[in-house]
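A closer look at the structure
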Amino acid sequence: MAMVKCAECGKEVSDKATTCPSCGAPIAGVQATKQEKEYSVRSDAIT
């Protein structure tokens, strides 16, 4: 588990977190990955 800096408040946050526990801001890399997975699941369901 790596630590990344929150873009909003600058606190160290786990790279596995979806939001910053301090300020609630979304963690960009994790959020994009979740969206890609959701899209992939939806695409599979359609075909």
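Residues numbered from 1 in each chain as written. Predicted model: local features only at pLDDT ≥ 70, side-chain atom pairs only at ≥ 80, totals over all residues. Heavy atoms only, no water.

1. A word on the overall build of the protein chain
- Along the protein chain, the regular secondary structure elements total one helix and two strands.
- Walking the protein chain from its N terminus toward its C terminus, one meets helices and strands in the order β-β-α.
- Among the 47 residues that make up the protein chain, the fraction classed as buried is 17%.
- Of the contacts made within the protein chain by residues no fewer than 6 positions apart, 0% connect residues no fewer than 24 positions apart.
- Here the protein chain has roughly 3,700 Å² of accessible surface; of this, 54% comes from carbon and sulfur atoms. (Helix = DSSP H or I, 4+ residues; strand = E, 2+ residues; numbered from the N terminus. Buried < 20%, exposed > 50% of the residue type's maximum accessible area, 1.4 Å probe, protein only. Contact = heavy atoms within 4.5 Å. Areas by Shrake-Rupley, 256 points an atom, 1.4 Å probe, with all protein chains shown as cover.)

2. Thoughts on the side chain of S14
- Relative to the elements of secondary structure, S14 occurs in strand β2 (residues 12-14).
- With a relative accessible area of 17%, S14 lands in the buried category.
- Within the structure, the side chain of S14 is placed 3.0 Å from the backbone nitrogen of K16, a separation counted as a polar contact. (Polar contact = N/O pair within 3.5 Å; in protein donor to acceptor, adjacent residues only side chain to side chain.)

None of this, on its own, says anything about what the molecule does.
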